[in-house]
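# Overview (structure and organization)
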Amino acid sequence: MNQQTNLGTALITGASAGIGATYAQRLAARGHDLILVARDAARLQQLAEQLKARHGVQVEVLPADLTKRADLLTVEQRLRTDAAITLLLNNAGMAVQGQLIDTDIDRVESMIQLNVISVTRLAAAAAAAFGGRGSGTIINIASVLALAPELFNGVYSGTKAYVLNLSQSMQQELAPRGVRVQAVLPGATRTEIWDRAGGSVDDLPAEMLMEVGDLVDAALSGLDQGELVTIPSLPARADWDALQAARQALGPNLSRNRPADRYLVHAG
Ligand SMILES: NC(=O)c1ccc[n+]([C@@H]2O[C@H](COP(=O)([O-])OP(=O)(O)OC[C@H]3O[C@@H](n4cnc5c(N)ncnc54)[C@H](OP(=O)(O)O)[C@@H]3O)[C@@H](O)[C@H]2O)c1
């Protein structure tokens, strides 16, 4: 563990590129030791050497394909057993473009495996370990598409709605155990994900596209401010609070012992 700051180790999935690699830089600068997880071992190693030299922290590379069960279990096991880990950044993810009717369904399944199954298993492992110690932070990277299913591939936005839902439930469950859970909802951010999904980031209107450094700095500012859900581009926090208030107002009527009157008009 880094002796100067004692912040412990951050385990970052999807650390070889984009948002994950940028978090790695920022967390190393804050004094976290790091465990970097992704498939591209050479890229991870290069980043690790750079961060060790620049920030004097310890950086370990843990190559893994999180869609493969054996690799996923290795990372999960590390979270369960390494008491130096104080932060999980559940970030690795992929996107698929296009409509469901003509999609590559095997690719969609891989996306669910990565964006949902691996996120869930790693979150559960961190929750158990951190909860047992009474401290720790879990950051789950969702997307604003969790709130806008009409705008993009429905399965991708569905996976991100899942991450938001899971995060809000985890906040309730883990706060009493001293564990913080933050969901981050990026909008369109300049990373490789767009090209990997078969599109181009340059097709997006410039006013919609955030630079990755700005995104991560804002998300960490949200974390520092104690936010549970951070939407870096949303100007008015009150808009999110209003959405939550509207959702919670439905609560008393979501489960009752009789159908609503409008469904009884043809009865009898
Ligand atoms: N960029 C955006 O506009 C945007 C918006 C909202 C949310 N997000 C979310 O932000 C997160 C990070 O995305 P990004 O934009 O930074 O994308 P990115 O630049 O494509 O980076 C994705 C990272 O995930 C890793 N990864 C991909 N498949 C993996 C697998 N099977 N096993 C392990 N690691 C894997 C990649 O590394 P390897 O290839 O080396 O494995 C890479 O490090 C994702 O969850 C994404 O859904 C992004």
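Provided above is the structure to which this section pertains.
Residues numbered from 1 in each chain as written. Predicted model: local features only at pLDDT ≥ 70, side-chain atom pairs only at ≥ 80, totals over all residues. Heavy atoms only, no water.

### As for the packing of helix H1 (residues 18-30) against helix H2 (residues 41-55)
As a packed pair, H1 and H2 sit with axes 10 Å apart at the nearest point and diverge in direction by 20°. The orientation of H1 with respect to H2, classified from their angle, is roughly parallel. Crossing handedness for the pair H1 and H2: right-handed. Residue-level inspection shows Ala21, Ala24, Gln25, Ala28 and Ala29 of H1 in contact with H2, the latter providing Leu47, Gln50, Leu51 and His55. (Axes fitted to C-alpha atoms, helices over the stretch in contact; angles between N-to-C directions. Helix = DSSP H or I, 4+ residues; strand = E, 2+ residues; numbered from the N terminus. Parallel < 35°, antiparallel > 145°, perpendicular 65-115°, else oblique. Left-handed = near helix turned anticlockwise from the far one by under 90°. Contact = heavy atoms within 4.5 Å.)

### Digging into the packing of H1 against helix H7 (residues 212-224)
The packing of two helices is summarised by the inter-axis angle and the distance between the axes. The N-to-C vectors of H1 and H7 enclose an angle of 55°; their axes lie 9 Å apart at closest approach. In terms of axis orientation, H1 runs oblique to H7. Where H1 crosses over H7, the two elements pack in a sense that is right-handed. Only Val212, Gly213, Leu215, Val216, Asp217, Ala219, Leu220 and Asp224 of H7 make contact with H1, whose side of the interface consists of Gly18, Ile19, Thr22, Tyr23, Arg26, Leu27 and Arg30. Broken down by class, the residue content of the contact of H1 with H7 amounts to eight nonpolar, three polar and four charged. (Nonpolar A, V, L, I, M, F, W, Y, C, P; charged D, E, K, R; others polar.)

### Quick notes on the site of the ligand
Surveying the vicinity of the ligand reveals 31 residues, the closest of which are Ser16, Arg39, Tyr156, Thr191 and Arg196. Residue Glu192 places a main-chain N or O atom 3.3 Å away from an oxygen atom belonging to the ligand. When the ligand is considered free in solution it has 890 Å² of accessible area, and contact with the protein chains removes 96% of it. With three residues, helix H6 (residues 193-196) is the single largest residue contributor to the shell around the ligand. Looking at the shell around the ligand residue by residue, the class counts come to 15 nonpolar, 10 polar and six charged. (Near = heavy atom within 4 Å. Polar contact = N/O pair within 3.5 Å; in protein donor to acceptor, adjacent residues only side chain to side chain. Areas by Shrake-Rupley, 256 points an atom, 1.4 Å probe, with all protein chains shown as cover.)

### A look at the environment of Ala206
Summarising the element assignment, Ala206 is placed in the loop between H6 and H7. Judged by relative accessible area, Ala206 falls into the exposed class, the value being 65%. Taking C-alpha positions, Ala206 is 14 Å from Thr191, a pair spaced 15 residues apart along the chain. (Buried < 20%, exposed > 50% of the residue type's maximum accessible area, 1.4 Å probe, protein only.)

### Here we look at the nonpolar core
If you look at the biggest cluster of nonpolar residues, it comprises 46 residues, and the most contacted ones within it are Leu11, Val37, Leu66, Val75, Leu79, Ile138 and Met170. Within the residue set of this core, elements represented by two or more residues are strand E2 (33-38), helix H3 (69-81), strand E4 (85-90), helix H4 (105-133), helix H5 (154-174) and strand E6 (179-184). Setting aside residues no more than four positions away along its own chain, Val75 makes contact with Leu11, Val37, Leu62, Ala64, Leu66 and Leu122. Membership of the second largest hydrophobic core comes to 30 residues, among which are Ala15, Tyr23, Leu36 and Val184. (Core = buried A, V, L, I, M, F, W, Y, C linked by side-chain atoms within 4.5 Å.)

### Here's the deal with the sheet that holds strand E1 (residues 9-13)
Across the sheet, seven strands lie side by side as E3-E2-E1-E4-E5-E6-E7; this open sheet has parallel pairing. Each end of this open sheet is capped by a strand with a single partner; those strands are strand E3 (59-63) and strand E7 (229-230). Here E6 runs beside E7; their pairing, made up of two bridges, is parallel. When the bridges of E7 are listed, Ala183 appears paired with Val229. Docked against the sheet, H1 engages E1, E2, E4, strand E5 (136-141) and E6, running at close to 170° with respect to E1. (Pairing = 2+ DSSP bridges.)

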